[in-house]
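Structure at a glance
Each chain, written out:
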Amino acid sequence: MQKPFFNKKLVITLVSLITAFLLIAFSIVVRNDRSTPSFIQSIGNSAAGVVDTVVNAPAEGISKFTGSVSNLVNTYQENAQLKKKVDSINALQVENETLKQENKQLKQQLSLDKSLTSYDSISASVISRAPSTWQNSIVISKGANAGITKGSAVLSDKGIIGRVSEVNKTNSKVELLTTQDDSANRFAVQLIDNDGNTVNGLITDYNTDTNQLVMGQITSKEKVKKGTKVITSGLGGTTPKGLYVGTVAKVVNQDDGLPTKIYIKPAADMTNLSVVTVAKRQD
């Protein structure tokens, strides 16, 4: 049933094309013949106009379609270029922000270095921190060649973070305040209460749940208030006195009210260490 219908459509198309060509030929003849009456020329012109419209319509459609595709391709290419530029700008912004943070840290370190009057200060970068010993130690980029010595205190821009426990020629290992190694060399610290009384003790432990240092072996019977600043006592000879450790967060007292343990909020952010200062005792 479909084949006769297809043949019929083909015949109609051919007849239409033949008629169109005849109309074109007719219009050309009548328009070029000056003796042709005006009304016949008008008919010829109208026929030519109809044929031109029929013939030009698909051509114009194809032209518009081609133009639309071209515009679409151009738009896609422009969007791709703009995306590359945006990505490049984002990368530059991240890089600039990183540089700003590094400059800020370095400026803070320079300001801190000037306060260590009785010690030579050496700036270094953190080059290694193993996940298995994250709370215990870091490795810094300076060693014996730069004058680093074992036992020297190490600080961030906000406060003390630990001491040098091992020295190589080009790098050093730093034992952190937050270490839970029982064999670690503990820091001697002190605080001064509102009445001017001094309370001495040692950093004996670190609570990972609360991110607090634990001060034990307290020798004084003075009561301690929350918020009191804790500093290094200088006892032991290698660590300068007065380096900022943190503030009292909680006090655990005995039955008679005397402190047995003092919990300290560290001044330094132990989770974000990139630039440090080593305080080396002057010769």
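Note that this is a predicted model, so its numbers are computed, not measured.

1. Description of the overall build of the protein
A tally of regular secondary structure across the protein gives two helices and 12 strands. Reading the secondary structure of the protein in the N-to-C direction produces α-α-β-β-β-β-β-β-β-β-β-β-β-β. Looking at the protein as a whole, 30% of its 283 residues qualify as buried. Summarising the internal contacts of the protein: among those between residues at least 6 apart in sequence, 54% fall at separations of at least 24. When the accessible surface of the protein is totalled, it reaches about 18,100 Å², and 55% of it is carbon and sulfur.

2. Quick notes on the packing of aromatic side chains
Counting across every chain of the model gives zero aromatic pairs. Above the ring of phenylalanine 187, the side-chain terminus of arginine 163 is found at 3.8 Å from the ring centroid. Looking at lysine 229, its charged tip hangs above the ring of tyrosine 244, at a distance of 5.8 Å from the centre.

3. Overview of unusual backbone geometry
Backbone geometry places asparagine 211, a non-glycine residue, at a positive phi of 55°. Along the polypeptide, asparagine 211 turns up in the loop between strand 7 (198-207) and strand 8 (212-216). Given a relative accessible area of 40%, asparagine 211 falls into the partly exposed group. One non-glycine residue, glutamine 217, lies in positive phi territory at about 50°.

4. A few points about empty space enclosed by the protein
Enumeration over the complete set of coordinates arrives at one cavity of 30 Å³ or more. In this structure, the largest cavity spans a volume of roughly 50 Å³. For the largest cavity, the full set of lining residues is Arg163, Glu175, Leu176, Leu177, Thr179, Ala184, Asn185, Arg186, Phe187 and Ile203.

5. Thoughts on the environment of glycine 216
Mapped onto the fold, glycine 216 is located in strand 8. On the basis of relative accessibility, which here comes to 5%, the residue glycine 216 falls in the buried class. Contacts of glycine 216, omitting those with residues within four sequence positions, involve Gly201, Leu202, Thr204 and Thr260.

6. Quick look at the pairing of strand 7
Here strand 6 (residues 188-192) runs beside strand 7; their pairing, made up of five bridges, is antiparallel. Paired with isoleucine 192 across the two strands is threonine 198, which belongs to strand 7. Hairpin connection from strand 6 to strand 7: five residues lie between these consecutive antiparallel strands, with glycine 196 at a positive phi of about 85°. Relative to strand 8, strand 7 is paired through five bridges, and the arrangement is antiparallel. The partner of asparagine 207 across the bridge, within strand 8, is glutamine 212.

7. Section: the side chain of glutamate 175
Position of glutamate 175 among the secondary structure elements: in strand 5 (residues 172-176). Buried and unpaired, glutamate 175 has arginine 163 as its nearest opposite-charge partner, separated by 4.6 Å. The contact partners of glutamate 175, leaving out residues within four places of it in the chain, are Asn136, Ile161, Gly162, Arg163, Ser165, Ala184 and Asn185.

8. What about the side chain of glutamine 212?
Inspection of the secondary structure assignment puts glutamine 212 in strand 8. Among the polar contacts listed, one links the side chain of glutamine 212 to the side chain of threonine 210, at a separation of 3.3 Å. When neighbours within four sequence positions are excluded, glutamine 212 is seen to be in contact with Tyr206, Asn207, Ala249, Tyr263, Ile264 and Pro266.

9. Some remarks on the nonpolar core
If you look at the biggest cluster of nonpolar residues, it comprises 37 residues, and the most contacted ones within it are Ile160, Ile161, Leu177, Leu191, Val245, Ile262 and Ile264. Here leucine 191 is in contact with Asn197, Thr198, Val199, Met215, Val224, Thr228, Lys229, Val230, Val248 and Ile262, once residues within four sequence places are set aside.

10. Some remarks on the environment of isoleucine 122
For isoleucine 122, the location among the structural elements is in strand 1 (residues 119-128). The class for isoleucine 122 is buried, based on a relative accessible area of 13%. Note: C-alpha distance between isoleucine 122 and threonine 277 (155 residues apart in sequence) is 5.5 Å. Contacts of isoleucine 122, omitting those with residues within four sequence positions, involve Lys142, Ala146, Gly147, Ile148, Val276, Thr277, Val278 and Lys280.

Rules and cut-offs
Residues numbered from 1 in each chain as written. Predicted model: local features only at pLDDT ≥ 70, side-chain atom pairs only at ≥ 80, totals over all residues. Heavy atoms only, no water. Helix = DSSP H or I, 4+ residues; strand = E, 2+ residues; numbered from the N terminus. Buried < 20%, exposed > 50% of the residue type's maximum accessible area, 1.4 Å probe, protein only. Contact = heavy atoms within 4.5 Å. Areas by Shrake-Rupley, 256 points an atom, 1.4 Å probe, with all protein chains shown as cover. Phe/Tyr/Trp six-rings, centres within 6.5 Å; stacked < 30°, edge-to-face > 60°. Lys NZ or Arg CZ within 6 Å of the ring centre and 35° of its normal. 1 Å grid on protein atoms, 1.4 Å probe; cavity = no way out; pocket = protein on both sides within 12 Å on 5 of 7 lines; lining within 4 Å. Points joined across faces, edges and corners; volume = space filled by probe spheres on them. Pairing = 2+ DSSP bridges. Lys, Arg positive; Asp, Glu negative; His and termini not counted. Salt bridge = Lys/Arg side-chain N within 4 Å of Asp/Glu carboxyl O. Polar contact = N/O pair within 3.5 Å; in protein donor to acceptor, adjacent residues only side chain to side chain. Core = buried A, V, L, I, M, F, W, Y, C linked by side-chain atoms within 4.5 Å.

Function cannot be inferred from these measures alone, as they are strictly geometric.
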